[in-house]
Amino acid sequence: MTKFLQTLMDGISIGSLYALIALGYTMVYGILRFINFAHSDIFVLGAWLSFSVALCAGWTASGAPLLFPTWLWTVLIVVSVLGPLLYVVERTALPALRSSLGPRVPHALAGGFVVTAAVWAWVLVGLVFLARATTASASFRPLTGVVILVIAMGGCGLAGYLIERLAYKPLRAAPRLNVLITAIGISLFLQNSGQLKFLFGTQPQKMPELMENKPLAVVAGVAINRVDVIGAGTAVALMFALEWLVFHTRLGRAMQAVSYNTRVASLMGIDVDRVISFTFVLGSALAAAAGFLFVMKLPGALRQPADTGWVLLGLKAFVAAVVGGIGNIRGAMLGGLFIGLLEYFGVAYLRPELRDVYVFVLLIIVLLVRPSGLLGKATVEKV
Amino acid sequence: MLRMKARSLELSPPAWTILPRNLLALVVILAIAIMMHAWVRPAVGNYYNRVMMDVGINIVLAVSLTIVNGFTGQFSIGHAGFMTLGGYVAAATTYYGSQLLWSKAAFFGGTLSSNTAESVFSAGLLGGGDLLFVAGCVLGGCIAAGAGYVVGLPSLRLRGDYLAIVTLGFGEIIRVLLQASGPQVTRTADIAAKNPFELTTALGGALGFTRVPIYTTQFWTILFGGVTLLVAYRLKQSSMGRALLSIREDEVAAEAMGVKTTRMKVLAFVIAAFFAGMGGGLYAHQLGQINAGELGFMKSFDFVIMVVLGGMGSISGATLAAIVLTVLPELLRGVAEYRMIVYALLLIVMMLVRPQGLFGVREAWELIRPLTRRMFGSGAKA
């Protein structure tokens, strides 16, 4: 009984993280119909970003916290100068140039995009200082975790936004295979740049404990830990927030419309590019939250950014999205929990070394029996 | 009806002529392989020799994947799974085979497998390890082809992304199962005492299968690569290949024209898996070990990238991409930790500026022909 309850709890807490990651896969698939293989790296970025920010905020016993290295400040300042400059040129000089030189002059220099990114980055910098302030004073110290979560979500949201704008947007009309290869390219890029010395390095790290992990209650011999409760609670709260966002707001309705039929949605006056950007930001932020909660639960599991363990986690989350019915938000939540439970019960009651086999066998069975997933709608190919 | 069928059969030459029809090509491949082995290999030194072998192995895998992804338009991202399976089978065959035959796993090759000058020419030209090695590779290919059949079957029901996901899942299952296998038996006496069927599960587990005798040389990579290219090329020219291409262009129309789409798709998987398995055999006998953990789905993506970069269905494109993508990371070794970043960025830029791949759906010579015509006047008819 104890074993059963323990397994159930582990399965649910890891499953809710799978669900958070799966949401990003499923939303992007729902709208763009492609598998975003770089998504699991965003999850890793979230985990490592939480770690770095925790260090910045002073959560280590050893020495003074390192704040941003010079190169980061340089990039920030260059971008902040460049953005408005481009924007002004775009507004003033380009129309004149276009009228004299003709259509070969582009419409825009992406000034607005750079400005958005720069403002976003400065807000994050401000938040890092806020995290420092909360760490410094004893009474606000419990709040640091929340600030770090927000920074991780914001940082990964920015990364998702940049990736979408720079790499995926130019490929809107290209075959899906190309977009997929680009996604793999981005995945490789994120993995390998994360390993650089001045970013996260190649050493595994240990996440500092942001809160004391004491058992809240003991039920039938199973300790229910604070971190587990807060982690699962955050995950569920985020899922409810997403549910509300998608099904009860204008933007959510626009997302649904775009995923239902992109062309018609754009004819109805929906700014499709904005909706897609927003979807990426949203999915990346959820993955970042999953990364944060993951290292909170397993502080020692912060492996180096290109470790295959991360890839496997992302892959299982992807399986969760497929099992739940890819493109279906509630399906992804259900699939995540299902995969988490399956994995942990398989390990506890069957052979532990086959832990990944259960997940992939389930994937294949689901695809053969019900290709559209548990909650997905079957699509009929039209001739 | 029967008469028509009989007559349409006569259009294709009888099956037994396969060898004579391709004799010239085979002789050329063999000659190139022997020349490279005899002259180029000793001249270029160990490092370049290794890079050239890598190129050969990657050509085998990229071109075989072209048959599924390029010709047939099915989307397989589990190719490394077949490679791993074939590699393990081949490695187990040579390792346990030499233990049983010669009571040790050391190198028992003929002249064609000797990579170093001091290696012993121990058992005649083909009577020794070479034959065992080739048999192991072919066996690995056959087992992989069986797995390819199993993976191809879902293509009955699934299309596009879903099929891709299934192939990915199969690749991962193969990897995990191999990693969960029993420890490798290393003592000769134990091996002789064991039932041969027990040895099939003693594949090294998470440590990988090690101490594989090193047989792969430039000769073998060129021979296998050449045969893969030849088969892919002849397949593309044949009616069967046309059927595969028609599935890529429009599956429904192909079916309406009488192409047995399911059988053709499964066939493409089987052929591709066979060569991937052989490539795995080459890989294992080049490194002296094979580890399923290193051949995960990122490795599959390497081959998908080669196929797409070369152009979907272009054999010469895939070959060129395999060469470029093997040599490029080697050239970038100078910038050590940045090399994979540069590689990734090049990939992204390539997809942005030339989305159809190097050659598009065409072959290199089809691109060159209009050029030569323009340069030397209209020698050939348009």
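The rules behind each value
Going along each chain's sequence as written, the residues are numbered from 1 onward. Chains carry letters and ligands carry numbers; both start at the beginning, A for chains and 1 for ligands, and go up in the order they are written. With pLDDT at 70 or above as the cut-off, local features in this predicted model cover only qualifying residues; side-chain atom pairs require 80 or more to be listed or tallied, and sums for whole chains, interfaces and linings still use all residues. The basis for the side-chain values is all heavy atoms of the structure; hydrogens and waters are excluded. Numbering goes from the N terminus for both helices and strands, where a helix is a DSSP run of H or I of at least four residues and a strand is a run of E of at least two. Each radius of gyration is computed over the set of C-alpha atoms, and the globule rule expresses the reference value as 2.2 Å times the number of residues to the power 0.38. Only protein chains enter the area calculation, which uses a 1.4 Å probe; residues under 20% of their type maximum are buried, those over 50% are exposed, and those in between are partly exposed. Throughout, a contact is declared for two residues whenever any of their heavy atoms are within 4.5 Å. Residue exposure ignores everything except the shown protein chains as possible cover, and the areas themselves are Shrake-Rupley values with a 1.4 Å probe. Positive charges come from Lys and Arg, negative ones from Asp and Glu, while His and the chain ends are left out of the count. Working definition for charges: the position is that of NZ of Lys, CZ of Arg, CG of Asp or CD of Glu. Identification of polar contacts relies on pairs of N or O atoms within 3.5 Å, with a donor-acceptor requirement for protein atoms, meaning one able to donate a hydrogen and the other able to accept it, and with residues adjacent in sequence counted only if both atoms are side-chain atoms. Candidate patch residues must exceed 30% relative accessible area and have no salt bridge, after which like charges are joined if within 9 Å and Val, Leu, Ile, Met, Phe, Trp or Tyr side chains if within 5 Å. When a carboxyl oxygen of Asp or Glu is within 4 Å of a side-chain nitrogen of Lys or Arg, the pair counts as a salt bridge. Pairing between two strands is assigned when DSSP locates at least 2 bridges connecting them. Any two rings among Phe, Tyr and Trp, with Trp reduced to its six-membered ring, count as a pair given centres within 6.5 Å; such a pair is stacked if its planes are under 30 degrees apart, edge-to-face if over 60, and tilted if neither. We define the nonpolar core as a collection of buried residues of types Ala, Val, Leu, Ile, Met, Phe, Trp, Tyr and Cys that are connected through side-chain atoms lying within 4.5 Å of one another. For every residue, the predictor states its confidence as a pLDDT score lying anywhere from 0 to 100. Buried area is calculated as the accessible area (1.4 Å probe) missing from two parts once they are joined, with the contributions of both summed. All residues other than Ala, Val, Leu, Ile, Met, Phe, Trp, Tyr, Cys, Pro, Asp, Glu, Lys and Arg, Gly among them, are scored as polar; the first ten of these are nonpolar and the last four charged.

## Quick look at the overall build of chain A
Working step 1: Assigned secondary structure in chain A consists of 13 helices and two strands.
Working step 2: The C-alpha radius of gyration computed for chain A amounts to 22 Å, which stays within 12% of the reference 21 Å derived for 383 residues, consistent with globular compactness.
Working step 3: Taken along the three principal axes of its C-alpha coordinates, chain A extends 80 × 65 × 35 Å.
Working step 4: By the burial criterion, 53% of the 383 residues in chain A qualify as buried.
Working step 5: Considering only contacts within chain A whose residues lie at least 6 apart along the sequence, 73% involve residues at least 24 apart.
Working step 6: As displayed, chain A offers around 17,500 Å² of accessible surface, 68% of which is attributable to carbon and sulfur atoms.
Working step 7: For chain A, the centre of its 28 positive side-chain charges and the centre of its 15 negative side-chain charges are spaced 7 Å apart.

## As for the overall build of chain B
Working step 1: Regarding its fold elements, chain B presents 16 helices and zero strands.
Working step 2: When contacts within chain B are restricted to residue pairs at least 6 apart in sequence, those whose partners lie at least 24 apart make up 77%.
Working step 3: Accessible surface computed for chain B: about 17,400 Å², of which carbon and sulfur atoms make up 68%.

## Some remarks on the environment of Val78 of chain A
Residue and element names in this part refer to chain A.
Working step 1: Mapped onto the fold, Val78 is located in helix 3 (residues 70-101).
Working step 2: The exposure class assigned to Val78 is partly exposed, which follows from its relative accessible area of 47%.
Working step 3: Spatially, the C-alpha atoms of Val78 and Gln203 are 30 Å apart, while their sequence positions differ by 125 residues.

## As for the side chain of His285 of chain B
Working step 1: By secondary structure assignment, the location of His285 of chain B is in helix 12 (residues 261-287).
Working step 2: A polar side-chain atom of His285 of chain B sits 2.6 Å from a polar atom in the side chain of Thr94 of chain B.

## Brief notes about the environment of Ile31 of chain A
Residues and elements named next belong to chain A.
Working step 1: Looking at where Ile31 falls in the secondary structure, it is placed in helix 1 (residues 2-32).
Working step 2: Overall, Ile31 belongs to the buried group, its relative accessible area being 8%.
Working step 3: Residues Ile31 and Arg303, spaced 272 residues apart in sequence, show a C-alpha to C-alpha distance of 32 Å.
Working step 4: Apart from the residues lying within four places of it in its own chain, the contact partners of Ile31 are Met255, Val258, Ser259, Thr262, Val275, Ile276 and Thr279.

## Some details on a nonpolar patch on the surface
Working step 1: Among the surface-exposed residues, Trp71, Val75, Phe198 and Leu199 of chain A together with Val335, Tyr338, Val342 and Leu346 of chain B lie close enough to one another that they form a single nonpolar patch of about 640 Å² accessible area.
Working step 2: Contributing elements (two or more residues each) for the nonpolar patch: helix 3 of chain A together with helix 15 (339-353) of chain B.
Working step 3: By the element assignment, Leu346 of chain B lies in helix 15.

## Some remarks on the pairing of strand 1 (residues 215-219) of chain A
Residue and element names in this part refer to chain A.
Working step 1: The pairing of strand 1 with strand 2 (residues 222-225) spans four bridges and is antiparallel. By the bridge assignment for strand 2, Ala217 is matched with Ile224.
Working step 2: Hairpin remark: strand 1 followed by strand 2, antiparallel, with two residues in the connecting loop; positive phi at Ala220, about 50°.

## Let's talk about the packing of aromatic side chains
Residue and element names in this part refer to chain A.
Working step 1: Overall, the coordinates contain 23 aromatic pairs over all chains when judged by the stated rule.
Working step 2: With 5.6 Å between their ring centres and 75° between their planes, Phe43 and Trp310 make a pair best called edge-to-face. A residue pair is termed long-range when its members are at least 10 positions apart, and Phe43 in helix 2 (residues 39-56) and Trp310 in helix 11 (residues 308-324) qualify at 267 residues.
Working step 3: Residue classification places Phe43 among the buried positions, given a relative accessible area of 2%.

## Examining the nonpolar core
Working step 1: Core analysis: the largest hydrophobic core is formed by 216 residues, its most contacted members being Leu20, Phe37 and Tyr168 of chain A together with Phe209 of chain B.
Working step 2: Top contributing element to this core by residue count: helix 10 (residues 272-297) of chain A, with 16 residues.

## Digging into the confidence of the model for chain A
Caution is warranted with low-pLDDT regions, since their predicted coordinates should not be read in detail.
Working step 1: Within chain A, residue pLDDT values average 83, and 96% of them lie at 70 or more.
Working step 2: Considering each helix and strand of chain A separately, the mean pLDDT is smallest for strand 1 of chain A, with a value of 75, and largest for helix 10 of chain A, with 90.

## Examining the interface of chain A and chain B
Working step 1: Between chain A and chain B, the residue contacts involve 48 residues of the former and 40 residues of the latter.
Working step 2: When the two sides are added together, the surface that chain A and chain B hide from each other amounts to roughly 3,800 Å², 80% of it contributed by carbon and sulfur.
Working step 3: When the buried surface of chain A facing chain B is broken down by residue, Leu177, Ile181 and Ile364 of chain A rank first, second and third, together holding 15% of it.
Working step 4: Between the two partners, chain A and chain B, sit zero salt bridges.
Working step 5: In this structure, the connection of chain A to chain B is made through zero residue pairs in polar contact (both at pLDDT 80 or more).
Working step 6: Contributions of two or more residues to the side of chain A that touches chain B are made by helix 5 (144-168), helix 6 (176-194), helix 11 and helix 13 (355-369) of chain A.
Working step 7: Counting residues per element, the side of chain A that touches chain B draws most heavily on helix 6 of chain A, which supplies 15 residues.
Working step 8: Residue composition of the side of chain A that touches chain B, grouped by class: 33 nonpolar, eight polar and seven charged.

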